[in-house]
Amino acid sequence: MNNNYRIETKCIQSGWNPKKGEPRVLPIYQSTTFKYDTSDQMGRLFDLEDSGYFYTRLQNPTNDIVASKIAELEGGVAAMLTSSGQAANYYAVFNICEAGDHIVASSSLYGGTYNLYGTTMKKQGIDCTFVDPDASDEEISAAFRPNTKALVAETVSNPSLVVLDIERIARIAHDHGVPLIVDNTFPTPINCRPFEWGADIVTHSTTKYMDGHAMSVGGCIVDSGNFDWEMHADKFPGLTTPDESYHGIVYTKKFGKLAYITKATAQLMRDLGSIQSPQNAFLLNVGLETLHLRVPRHCENALKVAQYLSEHEKVAWVNYPGLDGNKYHALAEKYMPDGSCGVIAFGLKGGRAVSVGFMDKLQLAAIVTHVADARTCVLHPASHTHRQMTDEQLEEAGIAPDLIRFSVGIENVEDIIADLDQALQTV
Ligand SMILES: *Cc1c(COP(=O)(O)O)cnc(C)c1O
């Protein structure tokens, strides 16, 4: 692929590159296994001496082709698809951590990721300290320990819409000799490419804008190839010392810039197996082909909806980084000059009960546990995705009890506003 192509062209053309007589469209390699002529040929794959496919729990060509498109969109060196965004955020950390280690994470994470790091991974012996991503350098630095292995945050957090100061946070991570892992689900690489600002690893819930049509759950991890694992070899023995489960290969020595993704594939996928189905990867690729058309329309519609809401007398507050006067407007302008995402958070006068009652009156906007797809949808995090959190944790995560998460779709924006208008008249 010509790396000079612009991002719109990459959305369409990257990944599958057919040769003479091959299908124009990415084939679905609907096969669990792959054939070899000699026992030795296959043996070399198991030793990581040759690259190739042998079993779809580890790797499948359809997945790898779609992953390579996402790597190109993000400007990374390699990527892997996972069965979900949760699996991506789990593997991204577990690939460089083990029991006894520690991570620092933004307190404004998506509820599922907050649980993963705050509860489930703790049970595996990986501790996590949550910090406010807006805190000072000193406060964030104070959370680091000698056994800290990563700093994790979201570019634009779901649902609190906190915009990460990527350059500053990357610098703090690097000052402590660890990579910055950024979940870039909401902006997508169309609006923001965190590697350009110093992030080292990017994760995605491809379930959202990338798929774009609410068809398939999936995730992705992309490596920039920029973090120097060998320079911090004592912190990352999994990458820099022999892997006995592969006859003692050392990932950084053998694979260089591909070490991180190779280890995630060879070890984590082999042992934990959260592979994306090739069928879902095919659907994801169809979504990616229009990502550059859909994302700007989501942003354009969202800005109009946010402006409408901010002028409505029954609306108590609106949070959308694209709005003038928003706390994160300047950061959004810096990192996402073309727009942030299509998701808005707002609350109604009268508090939680009014917000919930209002949602039931919406007709076009559907109440679904989803966000960031073509159809406008709505959710009340305190009653739904973040239900397990205490009021204190909600506040820490920047989620007001009355917060309505409104995911603006790509319908005609006048119809979306008319729907909001009729529902607001009833409260
Ligand atoms: C939805 C979401 C996830 C989890 O992804 P799934 O595909 O639902 O597992 C992680 N991070 C963010 C920012 C999300 O919006």
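Described in the following lines is the structure provided in the data block. Each chain carries its own residue numbering, running from 1 in the written order of its sequence. Given that the model is predicted, a residue must reach a pLDDT of at least 70 before its local features are reported, and side-chain atom pairs must reach 80 or more before they are shown or counted; all residues, however, enter totals for whole chains, interfaces and linings. Excluding hydrogens and water, the side-chain figures rest on all heavy atoms present in the structure.

### Focus: the overall build of the chain
When helices and strands are tallied, the chain shows 17 helices and twelve strands. Values of the radius of gyration come from C-alpha atoms, whereas the globule rule sets the reference at 2.2 Å times the count of residues to the power 0.38. Against the globule reference of 22 Å for 427 residues, the chain gives a C-alpha radius of gyration of 22 Å, in line with a compact fold. Counting only C-alpha atoms and orienting by the principal axes, one finds that the chain spans roughly 70 × 55 × 35 Å. The buried label goes to any residue with under 20% of its type's maximum accessible area, the exposed label to any with over 50%, and the partly exposed label to all in between, with areas taken from a 1.4 Å probe on protein chains only. In the chain, buried positions account for 56% of the 427 residues. Whether two residues touch is decided by their heavy atoms; if any such pair falls within 4.5 Å, the residues are in contact. Taking the contacts inside the chain whose residues are at least 6 apart along the sequence as the reference set, 73% of them involve residues at least 24 apart. A 1.4 Å probe and the Shrake-Rupley method give the accessible areas. Residues count as covered only by the protein chains that appear here. As displayed, the chain offers around 17500 Å² of accessible surface, 51% of which is attributable to carbon and sulfur atoms. Only four residue types enter the tally: Lys and Arg on the positive side, Asp and Glu on the negative side; His and the chain ends are excluded. For this purpose, a charge sits on NZ of Lys, CZ of Arg, CG of Asp or CD of Glu. Distance between charge centroids for the chain: 4 Å, based on 35 positive and 52 negative side chains. Secondary structure elements follow DSSP: runs of H or I of four or more residues count as helices, runs of E of two or more count as strands, with numbering from the N terminus.

### Considering the sheet that holds strand β1 (residues 78–82)
Here we have seven strands laid out as an open sheet, ordered β1-β7-β6-β5-β4-β2-β3, and mixed in their pairing. This sheet does not close on itself; its edge strands, each paired only once, are β1 and β3 (127–131). When strand polarity is set aside, the average angle formed by the axes of neighbouring strands in this sheet is 20 degrees. When DSSP locates at least two bridges between a pair of strands, those strands are taken to pair. Bridge count between strand β5 (residues 180–183) and strand β6 (residues 201–205): three bridges; the pairing is parallel. Paired with Ile181 across the bridge in β6 is Ile201. Fitting a line to C-alpha atoms yields each axis, with helices limited to the stretch in contact; the angle taken between N-to-C directions then spans 0 to 180 degrees. Packing against the sheet, helix α11 (residues 259–272) makes contact with β1, β6 and β7 (219–223), and its axis sits at approximately 30 degrees to β1.

### Observations concerning the site of the ligand
Here a residue is near a molecule or strand as soon as one of its heavy atoms is found within 4 Å of it. Around the ligand there are 16 residues in total, and Asn158, Asp183, Ser205, Thr207 and Lys208 lie nearest to it. Side-chain polar atom of Asn158 to an oxygen atom of the ligand: 2.8 Å apart, as the coordinates give it. Between the ligand and the protein, one listed contact pairs an oxygen atom with a side-chain N or O atom of Lys208 at 2.7 Å. Coverage of the ligand by the protein chains reaches 92% of its 380 Å² of free accessible surface. Considering every element that reaches the shell around the ligand, the biggest residue donor is helix α4 (residues 85–94), with three residues. Think of it as three bins: nonpolar holds Ala, Val, Leu, Ile, Met, Phe, Trp, Tyr, Cys and Pro, charged holds Asp, Glu, Lys and Arg, and polar takes everything else, Gly as well. For the shell around the ligand, the class distribution of residues is three nonpolar, ten polar and three charged. Here a polar contact is recorded for every N or O atom pair within 3.5 Å, except that within protein the pair must consist of a potential hydrogen donor and a potential acceptor, and residues adjacent in sequence are included only if both atoms are side-chain atoms.

### Let's talk about helix α12 (residues 278–288)
The complete set of buried residues in α12 reads Pro278, Ala281, Leu284, Asn285, Gly287 and Leu288. What you see down the axis of α12 is that its buried residues fit within an arc of 160 degrees, all on one side. Buried residues belonging to α12 abut α1 (7–13), α3 (61–74), β1 and α13 (291–310). Note that the arc is computed from the directions linking the helix axis to the C-beta atoms.

### As for the nonpolar core
Counting residues in hydrophobic clusters, the biggest one holds 132 residues, and the most contacted among them are Tyr117, Val305, Leu309, Ile344, Phe346, Phe358 and Phe406. For this core, the element with the most residues is α13, which contributes eight residues. If sequence neighbours within four positions are ignored, Phe358 has contacts with Phe346, Leu348, Ile404, Leu420, Ala423, Leu424 and Val427. In plain words, nonpolar cores are sets of buried Ala, Val, Leu, Ile, Met, Phe, Trp, Tyr and Cys residues tied together by side-chain atoms within 4.5 Å.

### Some words on the side chain of Glu74
Position of Glu74 among the secondary structure elements: in helix α3. An unpaired buried charge is present at Glu74: no salt bridge exists, and Arg193, the closest side chain of opposite charge, is 6.4 Å distant. A distance of 2.9 Å separates the side chain of Glu74 from the side chain of Asn184, its partner in a polar contact. Every case where a carboxyl oxygen of Asp or Glu lies within 4 Å of a side-chain nitrogen of Lys or Arg is listed as a salt bridge.

### Remarks on a negative patch on the surface
Each patch groups residues whose relative accessible area exceeds 30% and which form no salt bridge, using 9 Å between like charges and 5 Å between nonpolar side chains of Val, Leu, Ile, Met, Phe, Trp and Tyr. Taken together, Asp132, Glu138, Glu139, Asp391, Glu392, Glu395 and Glu396 make up a surface patch of like negative charges. Breaking the negative patch down by element, the ones donating at least two residues are α6 (137–141) and α16 (391–396). When residues of the negative patch are assigned to their parent elements, the largest contribution, four residues, is made by α16. Looking at the secondary structure, you find Glu139 in helix α6. On the basis of relative accessible area, Glu139 is assigned to the exposed category, the value being 52%.

### A look at helix α15 (residues 352–361)
Of the positions making up α15, those classed as buried are Ser355, Phe358 and Met359. Mapping the buried residues of α15 onto a view down its axis gives an arc of 100 degrees, with all of them on the same face. Exposed and facing more than 90 degrees away from the buried side of α15 are Ala353 and Asp360. On the buried face of α15, the contacting elements are β9 (343–348), β10 (366–367), β11 (377–379), β12 (404–407) and α17 (413–426).

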